[in-house]
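In case you want the letters, here they are:
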Amino acid sequence: MTIKDFFTANNRDLDTAMARDFAWLIVERTKVEPIEWGVRTVTTKEQAALKRDLKRLKSGEPLGLVLGYVPFVNCEIKVTPDVLIPRSETEQLTDMIINEYEGVPTRVLDLCTGSGCIAVALAKNLDAFVLATDISEKAVSVARQNALANFASVDFVVGDLFEKVEGKFDIIVSNPPYLNSEEMETLPKSVKDYEPNLALFGGEDGLDFYRRIASEVGEYLNPGGVIYLEVGDFQAEKVAEIFSDFDCQIVSDYYGFDRFLIARSTK
């Protein structure tokens, strides 16, 4: 049986999104692009493994966890149920920093690092000292593995935001938990059952972590330093108010939603 025939036979009851995930899964597992599916056969062993993976997808498990990794910038990031699966918005935030600071020696602090995706990508693509923190020991363990696997030099500490941070930084970046109580109640199964609540819930209104960062960040930011934040839907203006002591710029994601705040020090 060719890969094309196998995909067709197992694709009949899938919706568009799951069919796309299944196609990507086949590409990743077989290392064969769709243009070649009509001439490449799929072995009995491969079929059995792919069917097991498809069963996991059908149960609601995210593609990243089924594969065990996701691409991020030019890195491969391992993911487990202990960390948030990196999204395209976080990749865009990281790209913005790389584009602005490429070739410039800099010091970076990544708060709520999770899988370490931001810290690892910045360390790999910038001339930077990078320190990353997370309150979860399990998340930091995954992040350390990602730094090693991607040959990135990152210092990691287990701590609550700035708790164990020393020194000052040119860039402070964070994709903190920002879902509010109502949003937590309506999470899709693929998120609610497979990703850590610790990395999702940002307090009753979703803004707790932004308030905490704003109240403490001055002690850790170099003169002229910049804070890069990912924010939730419809939060950008509220987060800008929290960082009113800074020169704030709201930036839209690729879909036109206001998802980032760049807060530049005025001191």
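Notes on the structure follow. What you see is a predicted model; the values in this text were computed from it and never measured.

1. Side note on the nonpolar core
In this structure, Ile77, Ile97, Leu122, Val154, Val173 and Tyr228 are the most contacted members of the largest nonpolar core, which totals 41 residues. Discounting residues that sit within four places of it in the chain, leucine 122 has contacts with Thr94, Ile97, Ile98, Val108 and Val173. Grouped together as the second largest cluster of nonpolar side chains are 32 residues, Ile172, Leu221, Val239 and Ala240 included.

2. Examining helix H7 (residues 137-149)
Taking 1.5 Å per residue as the helical rise, H7 with its 13 residues ought to reach 18 Å, and the 19 Å between its terminal C-alpha atoms agrees with that figure. Among the residues making up H7, those that are buried are Ala139, Val140, Val142, Ala143, Asn146 and Ala147. In an axial view of H7, the angular spread of the buried residues amounts to 160°, which keeps them on one side of the axis. Turned more than 90 degrees away from the buried face of H7, the exposed residues are Glu137, Lys138, Leu148 and Ala149. Looking at the buried positions of H7, the neighbouring elements they touch are strand E2 (75-78), helix H6 (117-125), strand E4 (128-134) and strand E5 (155-158). One or two steps after H7, the chain reaches phenylalanine 151, where phi turns positive at roughly 55°.

3. Focus on the side chain of serine 265
Along the chain, the position of serine 265 falls in the segment after strand E9 (258-264). According to the relative accessible area criterion, serine 265 is buried, its value standing at 18%. Leave out the neighbours within four places in its chain, and serine 265 touches Leu221, Gly224, Gly225 and Phe246.

4. Let's talk about the sheet that holds strand E7 (residues 221-230)
The seven strands are arranged E5-E4-E3-E6-E7-E9-E8 in an open sheet whose pairing can be described as mixed. In this open sheet, the two edge strands, each paired with only one partner strand, are E5 and strand E8 (247-252). Going from strand to strand, the sheet's axes swing by 15° on average, the running direction of each strand aside. Each of strand E3 (106-111), strand E6 (169-174), E7, E8 and E9 touches helix H5 (residues 88-101); the most contacted strand, E7, lies at about 155° to it.

5. Observations regarding unusual backbone geometry
The backbone of cysteine 112 sits at a positive phi, close to 60°, despite the residue not being glycine. Take cysteine 112: it is sitting in the loop between E3 and H6. For phenylalanine 151, which is not glycine, the phi torsion reads 55° and is therefore positive.

6. What about the packing of helix H2 (residues 16-30) against helix H3 (residues 44-58)?
Two elements in contact, H2 and H3, have axes whose closest approach is 11 Å; the angle formed by their N-to-C orientations is 145°. Handedness of the crossing formed by H2 with H3: right-handed. On H3, the residues that touch Met18, Asp21, Phe22, Leu25, Ile26, Arg29 and Thr30 of H2 are Glu46, Leu50, Asp53, Leu54, Leu57 and Lys58. Of the residues in the contact of H2 with H3, the class split is seven nonpolar, one polar and five charged.

7. Brief notes about the side chain of glutamate 28
Relative to the assigned elements, glutamate 28 resides in helix H2. The buried category is assigned to glutamate 28, whose relative accessible area is 16%. Of note is the side chain of glutamate 28, whose polar atom sits 2.6 Å from the side chain of tyrosine 69. Sequence-distant contacts of glutamate 28, defined by excluding residues within four places in its chain, comprise Leu67 and Tyr69.

8. Looking at the packing of aromatic side chains
Going through the model one piece at a time under the given rule, you end up with five aromatic pairs. On the numbers, 5.7 Å between centres and 25° between planes, the contact of phenylalanine 7 with phenylalanine 22 is stacked. You can see phenylalanine 7 sitting in helix H1 (residues 3-10) and its partner phenylalanine 22 sitting in helix H2, a full 15 residues away along the chain. Accessibility assignment for this pair places phenylalanine 7 and phenylalanine 22 in one class, buried.

9. Comments concerning the pattern of salt bridges
This model, assessed by the stated rule, comprises 14 salt bridges. Aspartate 13 is the partner of lysine 58 in a salt bridge, and the nearest nitrogen-oxygen pair spans 3.2 Å. Of the two residues, lysine 58 is situated in helix H3 and aspartate 13 in the loop between H1 and H2; the sequence distance between them amounts to 45 residues. Residue classification places lysine 58 among the partly exposed residues on the basis of a relative accessible area of 43%. A residue is classified by how much of its surface remains accessible, and aspartate 13, at 57% relative accessible area, is exposed. A salt bridge links arginine 259 to glutamate 230, with the shortest nitrogen-to-oxygen separation between them at 3.5 Å. Residue arginine 259 is found in strand E9, and its partner glutamate 230 is found in strand E7; the two are separated by 29 residues along the sequence.

Parameters at a glance
- Residues numbered from 1 in each chain as written.
- Predicted model: local features only at pLDDT ≥ 70, side-chain atom pairs only at ≥ 80, totals over all residues.
- Heavy atoms only, no water.
- Core = buried A, V, L, I, M, F, W, Y, C linked by side-chain atoms within 4.5 Å.
- Buried < 20%, exposed > 50% of the residue type's maximum accessible area, 1.4 Å probe, protein only.
- Contact = heavy atoms within 4.5 Å.
- Helix = DSSP H or I, 4+ residues; strand = E, 2+ residues; numbered from the N terminus.
- Expected span 1.5 Å × (residues − 1).
- Arc of directions from axis to C-beta.
- Pairing = 2+ DSSP bridges.
- Axes fitted to C-alpha atoms, helices over the stretch in contact; angles between N-to-C directions.
- Left-handed = near helix turned anticlockwise from the far one by under 90°.
- Nonpolar A, V, L, I, M, F, W, Y, C, P; charged D, E, K, R; others polar.
- Polar contact = N/O pair within 3.5 Å; in protein donor to acceptor, adjacent residues only side chain to side chain.
- Phe/Tyr/Trp six-rings, centres within 6.5 Å; stacked < 30°, edge-to-face > 60°.
- Salt bridge = Lys/Arg side-chain N within 4 Å of Asp/Glu carboxyl O.

In short, shape yes, function no, at least from these values alone.
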